Amino acid sequence: MKRPVNRRSFLKASAVLGCGIGAAGLSSPAVLAAVAVGASKEGINIIGPRDGFSPQIGTLVSMLEWMRSAILQPVQGLTLAQLDYLHDSKANSIGALLLHLAAIERLYQLNTFEGRKWDDWDEMTKKDWGVAAGLGEAARQAIRGHNLDYYLDRLREGREHTLAELRKRDDAWLMQIDRGWVWGPTNNYCKWFHVCEHESNHNGQIKWIKGRLPGGSANEAT
(Lines give C-alpha, C1' and ligand atoms only; values in the text may rest on other atoms or scores of the structure.)
Protein backbone atom coordinates (compact mmCIF):
# COMPACT_ATOMS: atom_id res chain seq x y z
CA MET A 1 0.00 0.00 0.00
CA LYS A 2 1.38 3.39 -0.98
CA ARG A 3 1.91 5.62 2.04
CA PRO A 4 0.89 9.30 1.83
CA VAL A 5 3.76 11.74 1.67
CA ASN A 6 3.95 13.79 4.88
CA ARG A 7 6.32 16.51 6.07
CA ARG A 8 8.84 14.02 7.41
CA SER A 9 8.96 11.98 4.21
CA PHE A 10 9.22 15.16 2.15
CA LEU A 11 12.19 16.38 4.15
CA LYS A 12 13.80 12.95 3.90
CA ALA A 13 13.33 12.99 0.13
CA SER A 14 14.76 16.49 0.01
CA ALA A 15 17.87 15.31 1.84
CA VAL A 16 18.34 12.58 -0.72
CA LEU A 17 17.97 15.11 -3.50
CA GLY A 18 20.44 17.50 -1.97
CA CYS A 19 23.15 14.96 -1.16
CA GLY A 20 22.66 12.42 -3.90
CA ILE A 21 22.46 9.60 -1.31
CA GLY A 22 21.24 6.19 -2.34
CA ALA A 23 21.47 4.00 -5.37
CA ALA A 24 18.83 5.93 -7.30
CA GLY A 25 20.61 9.27 -6.96
CA LEU A 26 19.26 12.62 -8.05
CA SER A 27 17.39 11.36 -11.08
CA SER A 28 15.11 8.92 -9.27
CA PRO A 29 11.54 9.47 -10.51
CA ALA A 30 10.22 8.11 -7.21
CA VAL A 31 12.21 10.58 -5.16
CA LEU A 32 11.29 13.53 -7.37
CA ALA A 33 7.62 12.55 -7.34
CA ALA A 34 7.65 12.25 -3.55
CA VAL A 35 9.18 15.67 -3.18
CA ALA A 36 6.74 17.29 -5.61
CA VAL A 37 3.66 15.71 -4.07
CA GLY A 38 4.89 16.43 -0.56
CA ALA A 39 5.52 20.07 -1.37
CA SER A 40 2.09 20.57 -2.90
CA LYS A 41 0.36 18.94 0.08
CA GLU A 42 2.42 20.75 2.69
CA GLY A 43 1.71 24.18 1.22
CA ILE A 44 3.48 27.27 0.09
CA ASN A 45 6.16 27.30 2.79
CA ILE A 46 7.89 24.22 1.40
CA ILE A 47 10.40 25.29 -1.22
CA GLY A 48 11.04 22.52 -3.70
CA PRO A 49 9.76 20.70 -6.79
CA ARG A 50 6.11 21.00 -7.77
CA ASP A 51 3.74 18.70 -9.61
CA GLY A 52 3.63 19.38 -13.33
CA PHE A 53 7.09 20.96 -13.56
CA SER A 54 10.60 19.61 -14.01
CA PRO A 55 12.46 19.49 -10.65
CA GLN A 56 14.46 22.71 -10.87
CA ILE A 57 11.66 24.63 -12.56
CA GLY A 58 9.27 23.44 -9.85
CA THR A 59 11.65 24.72 -7.21
CA LEU A 60 11.80 28.07 -8.98
CA VAL A 61 7.99 28.12 -9.15
CA SER A 62 7.78 27.50 -5.41
CA MET A 63 9.98 30.56 -4.82
CA LEU A 64 8.00 32.73 -7.25
CA GLU A 65 4.72 31.75 -5.63
CA TRP A 66 6.01 32.30 -2.09
CA MET A 67 7.19 35.78 -2.99
CA ARG A 68 3.94 36.59 -4.77
CA SER A 69 1.99 35.71 -1.63
CA ALA A 70 4.21 38.12 0.32
CA ILE A 71 3.38 40.87 -2.19
CA LEU A 72 -0.37 40.29 -2.07
CA GLN A 73 -0.77 40.17 1.70
CA PRO A 74 0.04 43.82 2.57
CA VAL A 75 -2.09 45.31 -0.23
CA GLN A 76 -5.31 43.54 0.71
CA GLY A 77 -8.13 46.01 1.34
CA LEU A 78 -6.33 49.09 0.04
CA THR A 79 -8.64 51.73 -1.40
CA LEU A 80 -8.22 53.55 -4.69
CA ALA A 81 -6.97 56.64 -2.84
CA GLN A 82 -4.41 54.57 -0.95
CA LEU A 83 -3.22 52.88 -4.13
CA ASP A 84 -2.76 56.31 -5.76
CA TYR A 85 -1.06 57.94 -2.76
CA LEU A 86 2.28 59.64 -3.49
CA HIS A 87 4.41 60.27 -0.43
CA ASP A 88 6.49 62.96 -2.16
CA SER A 89 7.42 64.23 -5.61
CA LYS A 90 9.88 61.39 -6.21
CA ALA A 91 7.81 58.54 -4.81
CA ASN A 92 5.99 55.74 -6.58
CA SER A 93 2.43 54.84 -5.67
CA ILE A 94 1.58 51.35 -4.47
CA GLY A 95 -0.61 50.92 -7.54
CA ALA A 96 2.25 51.86 -9.85
CA LEU A 97 4.57 49.42 -8.09
CA LEU A 98 2.07 46.59 -8.50
CA LEU A 99 1.70 47.32 -12.20
CA HIS A 100 5.48 47.60 -12.46
CA LEU A 101 5.80 44.04 -11.16
CA ALA A 102 3.35 42.82 -13.79
CA ALA A 103 5.25 44.73 -16.48
CA ILE A 104 8.64 43.30 -15.57
CA GLU A 105 7.24 39.77 -15.52
CA ARG A 106 5.84 40.36 -19.02
CA LEU A 107 9.19 41.58 -20.32
CA TYR A 108 10.99 38.55 -18.92
CA GLN A 109 8.38 36.35 -20.57
CA LEU A 110 9.14 37.95 -23.92
CA ASN A 111 12.88 37.59 -23.40
CA THR A 112 13.05 34.03 -22.09
CA PHE A 113 10.00 32.40 -23.72
CA GLU A 114 9.99 34.22 -27.06
CA GLY A 115 13.70 34.99 -27.42
CA ARG A 116 13.36 38.75 -27.79
CA LYS A 117 16.37 40.85 -26.92
CA TRP A 118 15.95 43.12 -23.92
CA ASP A 119 14.59 46.53 -24.96
CA ASP A 120 13.77 45.21 -28.45
CA TRP A 121 10.04 45.44 -27.83
CA ASP A 122 7.26 45.87 -30.36
CA GLU A 123 5.08 48.97 -30.25
CA MET A 124 2.19 47.18 -28.55
CA THR A 125 4.46 46.02 -25.72
CA LYS A 126 5.83 49.55 -25.30
CA LYS A 127 2.31 50.96 -25.23
CA ASP A 128 0.98 48.41 -22.77
CA TRP A 129 3.95 48.12 -20.43
CA GLY A 130 6.51 50.84 -21.12
CA VAL A 131 5.31 53.36 -18.55
CA ALA A 132 4.84 50.77 -15.81
CA ALA A 133 8.23 49.22 -16.51
CA GLY A 134 10.00 52.58 -16.34
CA LEU A 135 8.13 54.11 -13.36
CA GLY A 136 9.22 57.72 -12.62
CA GLU A 137 7.25 60.82 -13.53
CA ALA A 138 5.41 59.19 -16.42
CA ALA A 139 4.01 56.54 -14.06
CA ARG A 140 3.13 59.13 -11.42
CA GLN A 141 0.99 60.88 -14.00
CA ALA A 142 -0.51 57.93 -15.84
CA ILE A 143 -0.99 55.09 -13.36
CA ARG A 144 -3.90 56.37 -11.32
CA GLY A 145 -7.59 55.78 -10.83
CA HIS A 146 -7.56 51.95 -10.72
CA ASN A 147 -8.99 49.86 -7.92
CA LEU A 148 -7.11 46.95 -6.35
CA ASP A 149 -8.77 44.32 -8.56
CA TYR A 150 -7.29 45.97 -11.65
CA TYR A 151 -3.74 45.46 -10.38
CA LEU A 152 -4.41 41.99 -9.00
CA ASP A 153 -5.88 40.90 -12.33
CA ARG A 154 -2.77 42.10 -14.21
CA LEU A 155 -0.53 40.20 -11.79
CA ARG A 156 -2.67 37.07 -11.95
CA GLU A 157 -2.89 37.04 -15.75
CA GLY A 158 0.86 37.43 -16.06
CA ARG A 159 1.63 34.70 -13.57
CA GLU A 160 -0.79 32.27 -15.19
CA HIS A 161 1.05 32.77 -18.49
CA THR A 162 4.43 32.29 -16.81
CA LEU A 163 3.36 29.03 -15.20
CA ALA A 164 1.82 27.74 -18.43
CA GLU A 165 5.07 28.41 -20.30
CA LEU A 166 7.28 26.95 -17.59
CA ARG A 167 5.25 23.72 -17.68
CA LYS A 168 6.34 23.31 -21.33
CA ARG A 169 10.05 23.53 -20.47
CA ASP A 170 12.65 21.42 -18.71
CA ASP A 171 15.70 21.91 -16.52
CA ALA A 172 18.01 22.00 -19.54
CA TRP A 173 16.14 25.08 -20.79
CA LEU A 174 16.34 26.63 -17.33
CA MET A 175 20.13 26.29 -17.34
CA GLN A 176 20.62 27.77 -20.83
CA ILE A 177 23.05 30.70 -20.71
CA ASP A 178 22.57 34.06 -22.39
CA ARG A 179 26.15 35.25 -22.92
CA GLY A 180 25.06 38.64 -24.21
CA TRP A 181 23.03 39.60 -21.15
CA VAL A 182 23.52 43.08 -19.71
CA TRP A 183 25.24 42.00 -16.49
CA GLY A 184 27.25 39.16 -18.04
CA PRO A 185 26.59 35.48 -18.82
CA THR A 186 23.25 34.66 -17.21
CA ASN A 187 21.03 31.61 -17.42
CA ASN A 188 17.25 31.48 -17.49
CA TYR A 189 17.24 30.34 -13.88
CA CYS A 190 18.99 33.53 -12.80
CA LYS A 191 16.67 35.68 -14.91
CA TRP A 192 13.58 34.23 -13.29
CA PHE A 193 15.14 34.26 -9.84
CA HIS A 194 15.70 37.96 -10.48
CA VAL A 195 11.95 38.32 -11.11
CA CYS A 196 11.46 36.83 -7.65
CA GLU A 197 14.13 39.04 -6.06
CA HIS A 198 12.68 42.07 -7.86
CA GLU A 199 9.32 41.48 -6.18
CA SER A 200 11.08 41.19 -2.82
CA ASN A 201 12.71 44.57 -3.38
CA HIS A 202 9.43 46.31 -4.19
CA ASN A 203 7.62 44.47 -1.41
CA GLY A 204 9.75 46.48 1.01
CA GLN A 205 8.82 49.71 -0.77
CA ILE A 206 5.12 48.85 -0.71
CA LYS A 207 5.24 48.21 3.03
CA TRP A 208 7.18 51.45 3.59
CA ILE A 209 4.57 53.46 1.68
CA LYS A 210 1.68 51.65 3.39
CA GLY A 211 3.08 52.58 6.79
CA ARG A 212 2.98 56.25 5.75
CA LEU A 213 -0.50 56.40 4.29
CA PRO A 214 -2.57 59.22 5.76
CA GLY A 215 -4.29 57.85 8.82
CA GLY A 216 -2.23 54.64 8.72
CA SER A 217 -0.17 53.02 11.46
CA ALA A 218 3.62 52.96 11.52
CA ASN A 219 3.36 49.30 12.45
CA GLU A 220 2.06 48.58 8.95
CA ALA A 221 5.53 49.26 7.54
CA THR A 222 6.88 45.99 9.00
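Scroll up to find the structure this text is about.
What you see is a predicted model, and the numbers here were worked out from it, not measured in a lab.

**Q** What is the right way to look at the packing of aromatic side chains in this model?
**A** Both the distance between ring centres and the angle between the ring planes are used here to describe each pair of aromatic rings. In total, this model carries 9 aromatic pairs according to the counting rule given. Centre to centre, the rings of Tyr108 and Trp181 are 6.0 Å apart; their planes meet at 55 degrees, and the pair counts as tilted. Note that Tyr108 is positioned in helix α5 (residues 94–114) and Trp181 in the loop between β1 (177–178) and β2 (186–187), a separation of 73 residues in sequence. The same class applies to Tyr108 and to Trp181, which are both buried. A centroid spacing of 5.2 Å and a plane angle of 80 degrees characterise the contact between Trp118 and Trp121, whose relative ring orientation is edge-to-face. Looking at Trp121, the relative accessible area reads 11%, which means it is buried. The structure contains a cluster of three or more aromatic residues connected by ring pairs, namely Tyr108, Phe113, Trp118, Trp121, Trp173, Trp181, Trp183 and Trp192. Directly above the aromatic system of Tyr150 lies the positively charged group of Arg154, at a separation of 4.8 Å from the ring centroid.

**Q** Teacher, can you tell me more about the nonpolar core here?
**A** If you look at soluble globular proteins, the nonpolar side chains tend to sit buried side by side. Residues Val75, Ile94, Leu98, Leu166 and Trp192 are the most contacted members of the largest nonpolar core, which totals 47 residues. Mapped onto this core, the elements with two or more residues apiece are α3 (55–75), α5, α6 (123–134), α8 (148–167), α9 (171–174) and α10 (188–210). The element that contributes the greatest number of residues to this core is α5, accounting for 13 residues. Those residues in contact with Trp192 that sit more than four places away from it in its chain are Leu60, Leu64, Glu105, Tyr108, Gln109, Thr112, Phe113, Thr162 and Trp173.

Reading the values: rules and limits
- Residues numbered from 1 in each chain as written.
- Predicted model: local features only at pLDDT ≥ 70, side-chain atom pairs only at ≥ 80, totals over all residues.
- Heavy atoms only, no water.
- Phe/Tyr/Trp six-rings, centres within 6.5 Å; stacked < 30°, edge-to-face > 60°.
- Helix = DSSP H or I, 4+ residues; strand = E, 2+ residues; numbered from the N terminus.
- Buried < 20%, exposed > 50% of the residue type's maximum accessible area, 1.4 Å probe, protein only.
- Lys NZ or Arg CZ within 6 Å of the ring centre and 35° of its normal.
- Core = buried A, V, L, I, M, F, W, Y, C linked by side-chain atoms within 4.5 Å.
- Contact = heavy atoms within 4.5 Å.

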